[in-house]
Every structure is written in structure tokens, then in C-alpha cells.
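What the coordinates show
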Amino acid sequence: MSSQIQPQLFSFEFFPPKTKERAIHLKTVQKKLSVLNPDFFSVTFGAGGSTRDKTYETVLDIQKNGISAAPHLSCVASTKENIVEILTAYKENGVSKIVALRGDIPSGMMSAGEFCYANELVDFIRAQTGDFFQIHVAAYPEIHPQAKSASDDFKNFKRKVDAGANAVITQYFYNIDSYFYFLDECEKANINIPIVPGIMPITNYTQLFRFSEMCGADIPRWMRKRLEQFGDDTASICAFGEEVVTSLCQKLLENGAPGLHFYTMNRAKPIRTIWDNLGFDVAK
Ligand code: FAD
């Protein structure tokens, strides 16, 4: 499959490695993906600040290698003082993009901290640092799993935009209509910032199923039935995943998505395969 449409904005997400070996592996992955010239690499932040230092180290390492890095920052279970410390450290090191999130309270952790929702974090970042940071926030075309209703979720999403977000990255989805419906809703609400679809490659059905249950992403029946049938046959799962996700990316871009944000799971190969299938250039 080949596409003439080159995404305008694209980025790759990693999680901070826990061991030295995994850190070496991640550097190799980053090297392989940096030749695609992404706008940035983002690095997740463990719930309740559990990866605070590792996220920071990974982000600084990425910037040192000449790629723009966007740390994720979740505010749940955090104090204002913690957030100021983190923002100051990033600012001093020239990191100017942030993915601002609420996060989820880890089980067993009692204190919710000084922030309840991501819009409060966006407000706080703007109050503390003005326009220094380019702030990305999360959106859920298939509705956040804890939302009271779809319309309530949209109103809450708009609070983050009104608080000063510059761009949006969505939760992954395989129902493409949910994304375009969400774009229409944004247009009606005069939300004009880029809404970049989050793309999850498919390489492991058990893991995908578990993630999707937790984050409220729907795996459509036709996909689920086929994936179930492959059992432990990883090669068939990957081949099917590449085909489905390539087609999803192509349709998204052809119909006006401003770019793509890939959840890499710290692996380069599935992304490179999709990239090559789409016929994208190596340099933007
Ligand atoms: P919010 O926007 O605060 O929304 C959370 C829920 O509260 C929604 O149901 C919303 O409708 C409701 N709500 C929001 N504001 C209000 C309000 N003012 N009043 C009442 N209700 C409100 N998690 C991590 O732990 N680390 C990461 O690095 C990470 N990265 C992510 C990256 C992306 C692109 C995405 C899509 C998700 C990521 N997550 C991450 C998961 C995310 O933390 C969870 O989905 C979390 O449950 C919600 O975070 P949020 O920022 O979207 O929250």
C-alpha cells in the first residue's frame, strides 16, 4: 500500500526503561526512528510519579541527541510544589513541550494530591510559566472510561483546551468514525488546535486486549474474532496488525487528520513497517 500524503505532525511515544539493558535497547529504537524526522519523541510518566526520575533522564537524553522531547506529566497524587520542581527542571534544560495529563491514582495510593483533573494542571502550567511550554492534552474519541456521559466528557475536554492547550493527542482507536465524529464536535465547539490521532500498532493480542479493557478503547468484533483465531501465532497477528493499522493511518490522513502519534511500546520495527507500507519519505 502506498500513500502520497505525508503527515504534517508526527511523533513517537516511549515509556522510560527500567533497567540498563532496556535503556540501551531504547537508544537503538530511538536511533532507528529518528531517521524519520519526527516532530518529537514523548516519554510517559508512571502513575503517581513512579517514573519521575527515569522519565526526566530519558527526556534529557533524547534532547541531547538532537530530537525534541515531550515529557508526559500527570498531576494526580502530586503537589503544586512537585509540579513546579519538574517544570523548572525541564525549562532550565530547554524542554519546551509537555503532555499534560491527570493520570490514574495507583491502587493502594490514598492521597489524590492537589489536582483533580488535567484542566487544573494546564491552568497551573500556564499560570507558572506563561507561554513557555507547548502543551498537549489527551482526548478520547471513544469517551473516557470514567466519564459520566459523552457530552460531559466533551465539556471536560474543552476545559483543557480553554485552559491553554496547544494540541491534542487522542487515545488509540480502531473505529475510525469515532475520530471523525470527535473532529466534527470540535469544529462545532470552535476548537481549532490540531487533534492528532494516537496509533497503537498490533503485535500482541493479550496485551492489546488488557490495555484496551483498561483505557476504554474498543477492539471491533471483526478484529477481535480474527485476532483470537491466531492464538499464539505471533507472525499472523503482526501481519494482520500491520495491514489493519496501515489502512487506518492511510484513511485518517486522506480524510484530514493533521498527523499521527505512534504508541511505540519501545519497538521500532512495527512502526517502520507501517511507515514503509504508507510510502512515507524517510525525511519529512
Ligand atoms: P482528564 O482530562 O482530567 O479526564 C479524566 C476524567 O475526568 C474524564 O472522565 C473527564 O470527563 C473527567 N473530567 C475532566 N475534567 C473534569 C472536571 N473539571 N470536572 C469533572 N470531571 C472532569 N497515563 C499515565 O499515567 N502516564 C502517561 O504518561 C500517560 N500518557 C497518556 C498519553 C495519552 C496521549 C493519553 C490519551 C493517555 C495517557 N495516559 C497516561 C492515560 C491518562 O492518564 C488516563 O486516561 C487518565 O484516566 C485521564 O487522564 P486525562 O489527562 O485525560 O484526564
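Computed from a predicted model, the values in this text were never measured in an experiment.

Moving on, we get to the site of the ligand. The ligand sits among 23 residues. The nearest are Phe 45, Asp 104, Tyr 140, Asp 153 and Lys 160. Within the contact set of the ligand, an oxygen atom lies 2.7 Å away from a side-chain nitrogen or oxygen of Tyr 140. The side chain of Asp 153 places a nitrogen or oxygen atom 2.6 Å from an oxygen atom of the ligand. For the ligand, the accessible surface in isolation is 970 Å², of which the surrounding protein chains cover 87%. Every element with two or more residues in the shell around the ligand is listed here: helix 4 (118-129), helix 5 (150-162) and strand 6 (167-172). Ranked by residues supplied to the shell around the ligand, first place goes to helix 5 with 4 residues. Per-class residue counts for the shell around the ligand are 10 nonpolar, 8 polar and 5 charged.

A separate point is the pattern of salt bridges. Scanning the model with the defined rule gives 6 salt bridges in all. A salt bridge links Arg 52 to Glu 85, with the nearest nitrogen and oxygen atoms 2.8 Å apart. With Arg 52 in helix 2 (residues 52-64) and Glu 85 in helix 3 (residues 80-92), this residue pair connects regions lying 33 residues apart in the sequence. Overall, the relative accessible area of 28% leaves Arg 52 in the partly exposed class. Taking the relative accessible area as the measure of exposure, Glu 85 reaches 41% and is therefore partly exposed. Its salt-bridge partner being Lys 64, residue Asp 61 comes within 3.4 Å of it at the nearest N-O pair. Taken together, the positions of Asp 61 and Lys 64, both in helix 2 and 3 residues apart, correspond to about one turn of that helix. Linked by salt bridges that have partners in common, Lys 27, Asp 61 and Lys 64 make up one network.

Definitions and cut-offs
Residues numbered from 1 in each chain as written. Predicted model: local features only at pLDDT ≥ 70, side-chain atom pairs only at ≥ 80, totals over all residues. Heavy atoms only, no water. Near = heavy atom within 4 Å. Polar contact = N/O pair within 3.5 Å; in protein donor to acceptor, adjacent residues only side chain to side chain. Areas by Shrake-Rupley, 256 points an atom, 1.4 Å probe, with all protein chains shown as cover. Helix = DSSP H or I, 4+ residues; strand = E, 2+ residues; numbered from the N terminus. Nonpolar A, V, L, I, M, F, W, Y, C, P; charged D, E, K, R; others polar. Salt bridge = Lys/Arg side-chain N within 4 Å of Asp/Glu carboxyl O. Buried < 20%, exposed > 50% of the residue type's maximum accessible area, 1.4 Å probe, protein only.

Read these as layout, nothing more, since geometry by itself doesn't imply function.
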